[in-house]
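Topology and contacts: notes
These are the residues of each chain, in order.
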Amino acid sequence: MLTGMQIAVIGGDARQLEIIRKLTELDARLSLIGFEQLDHAFTGAVKEKLDEVDFSNMDALILPVPGTNLEGHVETIFSNEKVILTAEMLLKTPEHCTIYSGISNAYLNGITTEANRPLIQLFERDDVAIYNSIPTVEGTIMMAIQHTDFTIHGSNITVLGLGRVGMSVARTFHALGAKIKVGARKTEHLARITEMGLTPFHLNEVEQQVKDTDILINTIPLLIVTASVISKMPAHTLIIDLASKPGGTDFRYAEKRGIKALLAPGLPGIVAPKTAGQILANVLAQLLQDDLGKRKGKIK
Ligand code: NAP
C-alpha cells in the first residue's frame, strides 16, 4: 500500500489515467496537475493548478512518458494550462522526492541535477521495455497489414536488431508464418537468432540480405537503412522503422526511390494506451512501495 504518500501526477495522456487509478487504489494521495478537463474523478486525487501545488510535502513527482521538452514544458492532453517544470519547484520538494519519467533529456537532467533530486527513467528499465515490446509488436502488425497487399504469412521479413523490441518482433512475425531473417552484430545474438529457428546475418551484410525482403522492420536507433541498402531492395518493400526518432532509415532516399518507409514511434500509446498505462502503473507502484518501505525502515 502507498498509504501516507503524497504524489503529484503532472500532465500526460490516457496512459496516466491507469497510473492514477492504480496509485489511488493503493491509497496514495494524489495532486493531479494538467487534468482539469478530465471528467472522471478519482477518490484520493485532487485536481490542482501548478501554482497551487505545495511541493514541500511531495514524496514523488510523476511526469508523462516524454518527461518535459527542452524548454521544460510538460505535455497536458487533458488541459490547456501551460505546465513548465523548473528547478525552483524541485528545490521546494523534500530531499527524498523522486522524479519519475519515461525518458529524459538535457533539460530534465539539468533541473534534477541542479535540485539534487533522483530521476528515474522508466523506459530504461528492462522490464518496462520488454512489456512495452508487446503492444509495439501489435502496432507493427497493424501497420504491416495496413500498408501491404500481401499476407504476413509466407512473406520475407528482415528484422534489424535483436534487442528487447527486435526479439519480440522477430518471434511474433515468425509465429504468423513469415520467413524471418534477423541482422545483428554480436555473436551471441547471431547464436540466439539461430536458436529461435530464424535466419541470422551479420549487419555488415545488410545490403546483400535485403534483396528479397518484402517488409523490413528496423529497431536499431542509428542510420542503418542507408540509401545504399534501400537501393538493393525490391520496389515493393515496406520499411517500418521502430527506432526512436529520427529512426534509422534514409527516408529522403526511400521517398526518392518510391519505397514506402514509415517511422512509427510511440506505438504502445497509440494502439494500446490502457495496457501501456498499466505497464507503467505496475512498475511505478512497485518502485513507490520500495521507496516508502526503505524510508520507513530508516525512520525506525
Ligand atoms: P535495445 O534493447 O537497446 O535494442 C537495440 C538494438 O539496436 C540492439 O539489437 C542493439 O544491438 C542494436 N544497436 C544499437 N546500437 C547499435 C549500433 N551502433 N550498431 C549496431 N546495432 C546497434 O532497445 P529496444 O528496447 O529494443 O528498442 C529499440 C528501439 O525501438 C529504441 O530506439 C526504442 O526507443 C524504440 N522503441 C520504439 C517503440 C515504438 O513504438 N516505435 C516502442 C519501444 C521502443 P547491440 O546489443 O549489439 O548493441
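An account of the accompanying structure is given in this report. (Residues numbered from 1 in each chain as written. Predicted model: local features only at pLDDT ≥ 70, side-chain atom pairs only at ≥ 80, totals over all residues. Heavy atoms only, no water.)

1. Section: the overall build of the protein chain
This is how the line gets drawn: A run of DSSP states H or I qualifies as a helix once it reaches four residues; a run of E qualifies as a strand once it reaches two. Both are numbered from the N-terminal end. The classification of residues rests on relative accessible area computed with a 1.4 Å probe and restricted to protein chains. Under 20% of the type maximum is buried, over 50% is exposed, and intermediate values are partly exposed. Per-residue accessibility takes into account occlusion by the displayed protein chains alone, with areas from the Shrake-Rupley method and a 1.4 Å probe. Under this rule, positive means Lys or Arg and negative means Asp or Glu; His and the chain ends count for nothing. A single reference atom marks each charge: NZ on Lys, CZ on Arg, CG on Asp, CD on Glu.
Within the protein chain, the secondary structure is distributed over 11 helices and 14 strands. Across its three principal directions, the C-alpha atoms of the protein chain cover 60 × 40 × 35 Å. With 300 residues in all, the protein chain has 53% of them scored as buried. Total accessible area on the protein chain is roughly 14100 Å²; 54% of this is exposed by carbon and sulfur atoms. Where the 30 positive side-chain charges of the protein chain centre and where its 33 negative ones centre are 5 Å apart.

2. Re the site of the ligand
Note the threshold: Near is defined per residue: the residue qualifies when any heavy atom it owns lies within 4 Å of the molecule or strand. Between N or O atoms, a polar contact is any pair within 3.5 Å; within protein, one atom must be a potential hydrogen donor and the other a potential acceptor, and residues adjacent in sequence are included only when both atoms are from side chains. The residue classification treats Ala, Val, Leu, Ile, Met, Phe, Trp, Tyr, Cys and Pro as nonpolar and Asp, Glu, Lys and Arg as charged. All others, Gly included, are polar.
Taken together, 22 residues form the shell around the ligand, and within it Val165, Arg185, Lys186, Ala264 and Leu267 come nearest. At 3.2 Å from an oxygen atom of the ligand is found a main-chain nitrogen or oxygen belonging to Gly163. Out of a free accessible area of 900 Å², the ligand has 75% covered by protein chains. Elements supplying a minimum of two residues to the shell around the ligand: α5 (164-175) and α10 (267-271). Taken together, the residues that form the shell around the ligand break down as 12 nonpolar, 7 polar and 3 charged.

3. Some words on the packing of aromatic side chains
For any pair of aromatic rings, the description consists of the separation of the ring centres together with the inter-plane angle of the planes. The test is simple: Stacked, tilted and edge-to-face are the three classes applied to pairs of Phe, Tyr and Trp rings, where Trp contributes its six-membered ring and a pair requires centres within 6.5 Å; stacked means planes under 30 degrees apart, edge-to-face means over 60, and tilted covers the rest.
The final tally for this structure, using the stated rule, is 1 aromatic pair. Ring geometry for Phe35 versus Phe78: centroids 5.9 Å apart, planes at 20 degrees, classification stacked. Remark: Phe78 occurs in the loop between β5 (73-74) and β6 (83-84) and Phe35 occurs in the loop between β2 (29-33) and β3 (45-48); sequence separation between them is 43 residues. An identical accessibility class is assigned to Phe35 and Phe78; each is buried.

4. Some thoughts on α5
Note the following rule: Any helix carries an expected span of 1.5 Å times its number of residues minus one. Contact between two residues is taken to exist if any of their heavy atoms lie within 4.5 Å; hydrogens are not considered.
Between its terminal C-alpha atoms α5 stretches 17 Å, which fits the 16 Å expected from 12 residues at 1.5 Å a residue. Within the sequence span of α5, burial applies to Gly166, Ser168, Val169, Ala170 and Phe173. Those residues of α5 that are buried lie in contact with α4 (126-146), β9 (156-160), β10 (179-184) and β12 (215-218). After α5 finishes, the residue Gly177 shows a positive phi value of roughly 95 degrees.

5. A few points about the pattern of salt bridges
Let me state the cut-off plainly: Each salt bridge in this description consists of a side-chain nitrogen of Lys or Arg and a carboxyl oxygen of Asp or Glu lying within 4 Å of one another.
Overall, the coordinates contain 10 salt bridges when judged by the stated rule. We note a salt bridge from Glu18 to Arg21, for which the minimum N-O separation is 2.7 Å. Linking Glu18 with Arg21, this pair stays in helix α1 (residues 14-25), spanning 3 residues, or about one helical turn. What makes Glu18 buried here is its relative accessible area of 10%.

6. Here we look at α4
The end-to-end C-alpha distance of α4 is 30 Å, a good match for the 30 Å that 21 residues give at a rise of 1.5 Å each. Among the residues of α4, those classed as buried are Val128, Ala129, Asn132, Ser133, Pro135, Thr136, Val137, Gly139, Thr140, Ile141, Met143 and Ala144.

7. Quick notes on the environment of Ala227
Residue position: Ala227 is located in helix α8 (residues 227-230). For Ala227, a relative accessible area of 25% translates into the label partly exposed. Put simply, Ala227 and Leu287 are 60 residues apart on the chain and 44 Å apart in space, counted from C-alpha to C-alpha. Ala227 has contacts with Asp250 and Tyr253, leaving out every residue within four places of it along the chain.

8. Details of the sheet that holds strand β1 (residues 6-10)
Strand pairing in a sheet takes place through backbone hydrogen bonds and is either antiparallel or parallel in direction. Formally: By definition, two strands form a pair when at least two bridges between them are found by DSSP. Between the N-to-C directions of two axes lies an angle of 0 to 180 degrees, each axis being a line fitted to C-alpha atoms and, for a helix, fitted only over the stretch in contact.
Pairing is parallel across the open sheet formed by 6 strands, whose spatial order is β3-β2-β1-β4-β7-β8. A strand with exactly one partner marks an edge of an open sheet, and here the two such strands are β3 and β8 (119-121). On average, each strand axis in the sheet is tilted by 20 degrees relative to the strand beside it, whichever way the strands run. One ladder, built from 3 bridges, connects strand β4 (residues 60-62) with strand β7 (residues 98-101); its direction is parallel. If you follow Leu61 over to β7, its bridge partner there is Ile99. Lying over the sheet, α1 contacts β1, β2, β3 and β4, oriented at roughly 160 degrees with respect to β2. Here helix α3 (residues 106-115) sits on the sheet and contacts β7 and β8; the angle it forms with β8, its principal contact strand, is near 150 degrees.

9. Brief notes about the nonpolar core
This is how the line gets drawn: Among buried residues, those of type Ala, Val, Leu, Ile, Met, Phe, Trp, Tyr and Cys that are joined through side-chain atoms within 4.5 Å constitute a nonpolar core.
One finds Ile7, Leu23, Leu30 and Leu288 to be the most contacted residues of the largest nonpolar core, which totals 32 residues. Elements represented by at least two residues in this core include exactly β1, α1, β2, β4 and α11 (273-299). When residues in this core are grouped by element, the largest group, 9 residues, is from α11. Once you skip the residues sitting within four places of it in the chain, Ile7 turns out to touch Leu23, Ala28, Arg29, Leu30, Ser31, Met58, Ala60, Ile62 and Leu288. Membership of the second largest hydrophobic core comes to 27 residues, among which are Met143, Ile157, Val159 and Ala178.

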